Amino acid sequence: MLTVQYSGNMKSLFTKEHRNQLQQIHQNIYEKKGEGSDFLGWVDAPSKTNEELVNQLIETAETIRKQSQVLIVIGIGGSYLGARAVIEAMNPYFQKNDVEVLFAGHQVSGAYLKELIEYIDDKDVSLNVISKSGTTTEPAMAFRFLQKYMEERYGDEASSRIFATTDAEKGALLKVAEEKGYKRFVVPDDIGGRYSVFTPVGLLPIAVAGYDIKTLLAGAKDAEKELEETLLEDNPAIQYATIRHSMYEDGLTNEVFASFEPKLHYIQEWWKQLFGESEGKDGKGIFPVSVTYTTDLHSLGQYIQDGKRNLFETFLMVDQVDEDLNLISSETDEDQLNYIAGLSLHEFNEVAYKGTSEAHLSGGVPQVTIRLPKIDEYNIGYLLYFYMLTCAYSGYLLGVNPFDQPGVEAYKTNIFKLLKKPGY
Ligand code: PA5
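Everything numeric in this text was worked out from a predicted model, so none of it was measured. (Residues numbered from 1 in each chain as written. Predicted model: local features only at pLDDT ≥ 70, side-chain atom pairs only at ≥ 80, totals over all residues. Heavy atoms only, no water.)

Chemist: Account for the overall build of the protein chain, naming residues and giving values.
Modeler: Secondary structure assignment for the protein chain yields 16 helices and ten strands. Taken over the C-alpha trace, the protein chain has a radius of gyration of 23 Å; the compact-globule value for 424 residues is 22 Å, and the two agree within 12%. Taking the principal axes of the C-alpha coordinates as reference, the protein chain spans close to 65 × 65 × 45 Å. For the protein chain, the proportion of its 424 residues judged to be buried stands at 52%. With the model as given, the accessible surface of the protein chain reaches about 19900 Å², and the carbon-plus-sulfur share is 51%. (Helix = DSSP H or I, 4+ residues; strand = E, 2+ residues; numbered from the N terminus. Rg over C-alpha atoms; globule rule 2.2 N^0.38 Å. Buried < 20%, exposed > 50% of the residue type's maximum accessible area, 1.4 Å probe, protein only. Areas by Shrake-Rupley, 256 points an atom, 1.4 Å probe, with all protein chains shown as cover.)

Chemist: Which residues make up the site of the ligand, and what are the values?
Modeler: If you check the shell around the ligand, you find 13 residues, and the closest are Ser 79, Ser 131, Ser 133, Thr 136 and Gln 273. The separation between an oxygen atom of the ligand and a polar main-chain atom of Gly 193 is 3.4 Å. Side-chain polar atom of Gln 273 to an oxygen atom of the ligand: 2.6 Å apart, as the coordinates give it. Summarising the interface, the protein chains cover 86% of the accessible area of the ligand, which totals 390 Å² for the free molecule. Taken together, the residues of the shell around the ligand sort by class into one nonpolar, nine polar and three charged. (Near = heavy atom within 4 Å. Polar contact = N/O pair within 3.5 Å; in protein donor to acceptor, adjacent residues only side chain to side chain. Nonpolar A, V, L, I, M, F, W, Y, C, P; charged D, E, K, R; others polar.)

Chemist: So, the sheet that holds strand β1 (residues 3–6): which residues are in play, and what are the values?
Modeler: Strand order in the open sheet formed by five strands is β1-β10-β9-β7-β8, and the pairing between neighbours is mixed. The strands lining the two open edges of the sheet, one partner per strand, are β1 and β8 (287–292). Neighbouring strand axes in the sheet, compared pairwise and without regard to direction, differ in orientation by 20° on average. Where strand β9 (residues 311–320) lies against strand β10 (residues 367–374), seven bridges are found, and the strand directions are parallel. Within β10, the position partnered with Gln 320 by the bridge is Lys 374. The sheet contacts of helix α14 (residues 345–362) involve β1, β9 and β10, and relative to β9 the element is tilted by about 160°. Sitting on the sheet, helix α15 (residues 377–398) is in contact with β1, β7 (254–259), β9 and β10, with an inclination near 150° to β10. (Pairing = 2+ DSSP bridges. Axes fitted to C-alpha atoms, helices over the stretch in contact; angles between N-to-C directions. Contact = heavy atoms within 4.5 Å.)

Chemist: So what's going on with unusual backbone geometry? Which residues, and what values?
Modeler: With glycine set apart, most residues show a phi of negative sign, and most peptide bonds adopt trans. Here the bond from Tyr 293 into Thr 294 is cis, since omega is 10°, no more than 30 degrees from zero. Note on placement: Thr 294 falls in the loop between β8 and α13 (301–306). The phi angle at Asp 282 is positive, at roughly 55°, despite the residue not being glycine. The topology assignment puts Asp 282 in the loop between α12 (265–279) and β8. For Asp 282, a relative accessible area of 62% gives the class exposed. Even without being a glycine, Gln 336 presents a positive backbone phi close to 55°. Checked against the element boundaries, Gln 336 lands in the loop between β9 and α14. Gln 336 sits in the exposed class, given a relative accessible area of 59%.

Structural measurements only, silent on function.
Laid out in structure tokens, this is it:
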């Protein structure tokens, strides 16, 4: 189990009133009651995902791996961030996997799409187009270009290289997939985009990248069981949600997710979407920000130490690393680093964490530290489930529905009006 540490007194946060509120939330989540309960399918998704579906996903991933050097995942928000978070946390820094997973439709850039098409032109390609609604503009535009490219390049074979992940029963993408005969996977009705990493939305691209989705699901399944059974005060998801809520009540409305591991960048992006889109509504919510240290100690570190005191910091620390280097000693010692010769870079980061957290704490920034045993499929599965559950508790503590996103409609309506879309 991962652990949560707090720079303040955690026990004092569990007042009788708070415990009662948590008991109610806990019961509502597991009995699938309360606001937004139609979207609580992710709570038992890891244990309910049947083996047949997992095997089908693995077989399809094998087919894609055999026929392709590149898989392009087309999707935005929850339809791409989960897969990207896991793949980038697991990927080596420089060595390319046998099948490269690239992304499109998560922004609108002509240069990106043009260069992507040039890049894949001498490589075998498959597409996985993912959209629950089937009408999201950015992925739909990217799919127009890439579908045409695939049809021109592969002719009839294109339909066996395009895989669609859609709603079970509705949406434009579902219709296209049926007409064209694409192999199709389903996003369950009761699971929203940002909670969908343990469905085919996340699992298919992750399996194509060569990672073990059974172990990823095993981590999530253990999190599901342990976090359901662990008592309130000892439960890491409830601890984290409680600390966040108490910070918010103290006027600290920005949470800085700090990590010392650059591979966790997309986990941070996924986390920002999860918490930002789930909590930021009705004039409430903690604004999620992320930094990677020590890089950002030379930029945002100044603000965190010394700027406006409206933030708290949450470190994600990884206990064990597979690869490391010990600092070498130098004959001349001109940079005066010989005093730490022999220290591993992982050990250095642990010291940097201690130094940074003490400095920021003395600068008035309270802290949470989440400790993950290591970066592998099992622990990432556990971590992502833990974040989703924390987010549900946090949203309910705040008094918002953590599963809708009414605020994202306003900009879309404006764009459609400006573009004179019929009906707007
Ligand atoms: O969390 C969410 O529901 C959203 O971020 C969606 O995932 C995102 O807007 C993409 O939606 P769709 O899968 O319908 O294209």
